[in-house]
Each structure stands twice: as structure tokens, then as C-alpha cells.
Amino acid sequence: MPFIAFVYVHFFVDFNQIKKAIFNYDLMAENTLTNIAEGQERYKSENNAYLKDLEQLYSHIAGSHGINPCIQVLTIRTYHDHWTGTVQHVSSPNKISWNSRIGSSLKKG
């Protein structure tokens, strides 16, 4: 049994295909964070504060592509002068973070 498992993992599992799929999932998460950032900036320009309620945020990002249903919004934290957010695709082990102080720089980790 261990030999069969060894052969299966080393000869039949395509790790490059898995890496490509995870990269695409992370790209979807980054796009969602970009849409959230656009909604946050729109809300900030209208109300002079960032929005932490996701239900209201959904209405402000309706003009863009919105939030992909496969993306989990893990955290949205708002402060007086900036906001941070973390999202993750349900099929990816990576979390994508956004800090508005840094600008449009997305951080994986």
C-alpha cells in the first residue's frame, strides 16, 4: 500500500497544474480585493469615512464585478485614515491582504 501511494504521488499527480490552479484562485481573490478597495474609496469620498459593514459595501461595489461567491472575506478593519482587508478563495490555502496605507500593494501570506 505505501508503495502504491508513493507511485501515485510521484508519477500521477501534476503539481504544476495544482500550482497554476492555486495561482488563478489567488488572482480571483486579488480582483475581489481590488473591487472592495474601489467601493471603500467611493464610500470614503461620499461620507468621509471607510465602511466596515459588508452588506452596505456590497451595494457600493455593484458597479464593478463585485465579490466572487467563491471568495471568503475574512476581515475588514476600518480606521480613521485607512482600512485593511483579508480574503481567501475557498480552494486556495493562501490569504490575500490589503492595506490602504500602502496603496494598491497586495500581500500574499
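For the structure, check the block above.
Nothing here was measured: the structure is a model prediction, and the numbers come from that model.

Cut-offs applied
- Residues numbered from 1 in each chain as written.
- Predicted model: local features only at pLDDT ≥ 70, side-chain atom pairs only at ≥ 80, totals over all residues.
- Heavy atoms only, no water.
- Buried < 20%, exposed > 50% of the residue type's maximum accessible area, 1.4 Å probe, protein only.
- Helix = DSSP H or I, 4+ residues; strand = E, 2+ residues; numbered from the N terminus.
- Pairing = 2+ DSSP bridges.
- Contact = heavy atoms within 4.5 Å.
- Core = buried A, V, L, I, M, F, W, Y, C linked by side-chain atoms within 4.5 Å.
- Salt bridge = Lys/Arg side-chain N within 4 Å of Asp/Glu carboxyl O.

Caption draft 1: Geometry of the pairing of strand β3 (residues 96-99). Residues of β3 alternate between two faces, with I96 and W98 buried on one and S97 and N99 left unburied on the opposite face. Of the pairings in the sheet, the one linking strand β2 (residues 83-89) to β3 comprises four bridges and is antiparallel in character. Directly across from G85, in β3, lies its bridge partner W98. Here β2 hands over to β3 after six residues, the two strands then running antiparallel side by side.

Caption draft 2: Representation of the environment of I71. The topology assignment puts I71 in strand β1 (residues 71-78). Sequence separation between I71 and M28 is 43 residues; the distance between their C-alpha atoms is 7.8 Å. Discounting residues that sit within four places of it in the chain, I71 has contacts with M28, A29, T32, V87, Q88 and H89.

Caption draft 3: Looking closely at the nonpolar core. Counting 15 residues, the largest nonpolar core has A29, L33, I36, W83, V87, I96 and W98 as the members making the most contacts within it. Sorting the residues of this core by element identifies α2 (15-47), β1, β2 and β3 as the ones contributing at least two each. When residues of this core are assigned to their parent elements, the largest contribution, five residues, is made by α2.

Caption draft 4: Just the pattern of salt bridges, in detail. This model, assessed by the stated rule, comprises two salt bridges. Across the pair E38 and R42 runs a salt bridge, and its minimum N-O distance is 2.8 Å. Note that E38 and R42 are positioned in helix α2 at a spacing of four residues, about one turn of the helix. Judged by its relative accessible area of 37%, E38 falls in the partly exposed class. We note a salt bridge from R101 to D81, for which the minimum N-O separation is 3.8 Å. Residue R101 is located in the loop between β3 and β4 (106-108), and its partner D81 is located in the loop between β1 and β2; the two are separated by 20 residues in the primary sequence. Residue classification places R101 among the exposed residues on the basis of a relative accessible area of 57%.

So, to be careful, I would describe these as geometric facts and stop short of saying anything about function.
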